[in-house]
Amino acid sequence: MGGSKARLFDECGNSYLDTRNNVAHVGHQNPHVIQAVQKQIELLNTNTRYLHPNAVQLAKRLSDLLPDSLNKVFFVNSGSEANDLAIRLARAKTKSKNMICLDHAYHGHTLGTLEVSPYKYTSLEFDMDFNKDIGDHVMKVPCPDTFRGEHRGDSASHDYAKYVVQACDEFRDRGENVCAFIMEGGMSVAGVILPPPNYLKTCVQAVRSAGGVYIADEVQTGLGRLGTDCFWAFQYGGNDNLVPDIVTIGKPFGNGMPLAAVITTEDISDAFNKMGVEYFNTFGGNPVCTAAGLAVLDEIVRMDLPTNASVVGSYMMNKFRQLNLECCKNVAIGDIRGMGLFIGVELVRSIESLEPATVETSYICTILKEKFKILTSIDGPFENVIVIKPPMVFAKGDVDIFVSAFLQACESISEVELSLTTRTPT
């Protein structure tokens, strides 16, 4: 019913620590965002047929945060819309619909984005065979998971990138070029997967050589979530000089207001314009939502949130690494990974076997919510990764509360019969 910073309050007045909500980027009910929205809605909110200064200013400030060539901005309402439009832009530029995506990826719920979201198509909700039902214009390559995946050593970057190279070769063998390679800079529903160093460089080089473009999906991880070294996740792993052809942002951009964007080059924008179909979005970039977006960018700078992400994120990862779970039944921390305030804690039943602690993770999530009033999220192919992506105002004191409760929840596993528990929805 209410919120403040990294806290949410229910109808009974209970306070919950929120470790999972990357929508409230600058904190729940941020006063500056509230005031900006209130001020603008008192003046005007209308459709985007009428150009408003807020949209112009926000487009300029957003493009200034990206490499110089990314200077054309389209405003939309959600990350799904942004990625769907990004695919349309790529098709206009390349005159192809051949896509390369990663296993376990999620890019949205539209028909266009579902095609490149294997996370959805391998679920019981759809019960579909990815390769047969999607068509041969989409190629799925392995997720670059260096903990549980096929390739885990020093050569993992090369070994995973070769699948993208092979996909490009396969399209060319058919006499076709590639449309786009789309990738989340940090893969959230895959269980917090950040690619090994130089993986992206090799992939993008192959894609561009095959006539395609690179779409950087920053919906989950953009705007400083990875800390001071990576304002955008596509910069992670030594990719400072890598410039995407298209960038999408969504969830955190409006701090809860429906605001997202696609940023691309003049060349791609011109190719799309020449298609002759005018792009119009009734509410995308309306005066009120763009006021919220401007306030979010203000707050990121004012509170230096990338630095907070680096400091608090490192503190949290170290606190988890220091935990001793030897006395806990059937649960151990297999891996702690991520950067900034984008962290994954993968739980296993045994360090030796790496058997996923799926039931145990669900139980821990339930106990954290019911007993300790802490909200957590579970993801990964085996649903055994606690995904931590809280509001960027998360503090060291919040970390201490969270990690202490996590340890107590793990220790309580020996007291229950897990076969009688049900799956925790997150």
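Residues numbered from 1 in each chain as written. Predicted model: local features only at pLDDT ≥ 70, side-chain atom pairs only at ≥ 80, totals over all residues. Heavy atoms only, no water.

Overview of the packing of helix H2 (residues 53–64) against helix H10 (residues 287–302)
Stage number 1. Between H2 and H10, the shortest axis-to-axis distance is 9 Å and the interhelical angle comes to 35°. Taken as a pair, H2 and H10 cross one another with a handedness that is left-handed. Residues Asn54, Ala55, Gln57, Leu58, Arg61 and Leu62 of H2 form the contact with H10, whose own contacting residues are Pro287, Thr290, Ala291, Gly293, Leu294, Leu297 and Asp298.
Stage number 2. Residue composition of the contact of H2 with H10, grouped by class: seven nonpolar, four polar and two charged. (Axes fitted to C-alpha atoms, helices over the stretch in contact; angles between N-to-C directions. Helix = DSSP H or I, 4+ residues; strand = E, 2+ residues; numbered from the N terminus. Left-handed = near helix turned anticlockwise from the far one by under 90°. Contact = heavy atoms within 4.5 Å. Nonpolar A, V, L, I, M, F, W, Y, C, P; charged D, E, K, R; others polar.)

So, the pairing of strand E15 (residues 385–388)
Stage number 1. Side chains of E15 alternate between two faces, with Val385 and Val387 and Ile386 and Ile388 buried alike.
Stage number 2. Pairing of strand E14 (residues 377–379) with E15 involves three bridges; the strand directions are antiparallel. Bridge pairing in E15 places Ser377 opposite Val387. (Buried < 20%, exposed > 50% of the residue type's maximum accessible area, 1.4 Å probe, protein only. Pairing = 2+ DSSP bridges.)

Looking at the sheet that holds strand E12 (residues 342–348)
Stage number 1. Within the open sheet, the four strands sit side by side as E11-E12-E15-E14. Their pairing is antiparallel. Two strands close off the open sheet at either side, each with one partner strand: strand E11 (332–339) and E14. Strand-to-strand twist of the sheet, defined as the mean angle between neighbouring strand axes without regard to direction, takes the value 30°.
Stage number 2. In this sheet, E15 lies alongside E12 in antiparallel orientation, the contact comprising four bridges. Each residue of the ladder has a partner; that of Gly344, found in E15, is Val387.
Stage number 3. Packed on one face of the sheet, helix H11 (residues 305–321) meets E11, E12 and E15 and runs near 170° to E11.

Observations regarding H11
Stage number 1. With 17 residues, H11 should reach 24 Å at 1.5 Å per residue; the first-to-last C-alpha distance of 24 Å fits that figure.
Stage number 2. Among all positions in H11, only Leu305, Pro306, Ala309, Val312, Gly313, Met316, Met317 and Phe320 are buried. Buried residues of H11, viewed axially, fall in a sector of 140°; they line one side.
Stage number 3. Against the buried residues of H11 lie H10, E11, E12, E15 and helix H13 (396–411). (Expected span 1.5 Å × (residues − 1). Arc of directions from axis to C-beta.)

Re the pattern of salt bridges
Stage number 1. According to the stated counting rule, one finds 14 salt bridges in the structure shown.
Stage number 2. A salt bridge links Arg49 to Glu278, with the shortest nitrogen-to-oxygen separation between them at 3.3 Å. With a gap of 229 residues between them, Arg49 in the loop between helix H1 (31–43) and H2 and Glu278 in the loop between helix H9 (266–273) and H10 connect regions that are remote in the sequence.
Stage number 3. Assessed through its relative accessible area of 62%, Glu278 is described here as exposed.
Stage number 4. Ionic contacts of the salt-bridge type, sharing partners, join the residues Arg148, Asp335, Arg337 and Glu346 into one network. (Salt bridge = Lys/Arg side-chain N within 4 Å of Asp/Glu carboxyl O.)

Here's the deal with the environment of Thr202
Stage number 1. With respect to the element layout, Thr202 can be found in helix H8 (residues 199–209).
Stage number 2. Taking the C-alpha atoms as reference points, Thr202 and Ala161, separated by 41 residues in sequence, lie 6.3 Å from one another.
Stage number 3. Of the polar contacts made by the side chain of Thr202, one reaches the backbone oxygen of Asn198; its length is 3.2 Å. (Polar contact = N/O pair within 3.5 Å; in protein donor to acceptor, adjacent residues only side chain to side chain.)

Structural notes on the packing of H1 against H10
The packing of two helices is summarised by the inter-axis angle and the distance between the axes.
Stage number 1. The geometry of H1 relative to H10 is characterised by a closest axis approach of 8 Å and an angle of 155° between their N-to-C directions. The angle between H1 and H10 places the two elements in the roughly antiparallel class. The handedness of the crossing between H1 and H10 is right-handed. Between H1, through His32, Val33, Ala36, Val37, Gln40 and Ile41, and H10, the contact on the second element is made entirely by Pro287, Val288, Ala291, Ala292, Ala295, Val296, Asp298 and Glu299.
Stage number 2. By residue class, the composition of the contact of H1 with H10 is ten nonpolar, two polar and two charged. (Parallel < 35°, antiparallel > 145°, perpendicular 65-115°, else oblique.)

Regarding the packing of aromatic side chains
Stage number 1. In total, this model carries nine aromatic pairs according to the counting rule given.
Stage number 2. Summarising the aromatic geometry, the rings of Phe320 and Phe402 are spaced 5.7 Å apart at their centres and angled 75° between planes, so their arrangement reads as edge-to-face. Remark: Phe402 occurs in helix H13 and Phe320 occurs in helix H11; sequence separation between them is 82 residues.
Stage number 3. Take Phe402: its relative accessible area is 0%, and that puts it in the buried class. (Phe/Tyr/Trp six-rings, centres within 6.5 Å; stacked < 30°, edge-to-face > 60°.)

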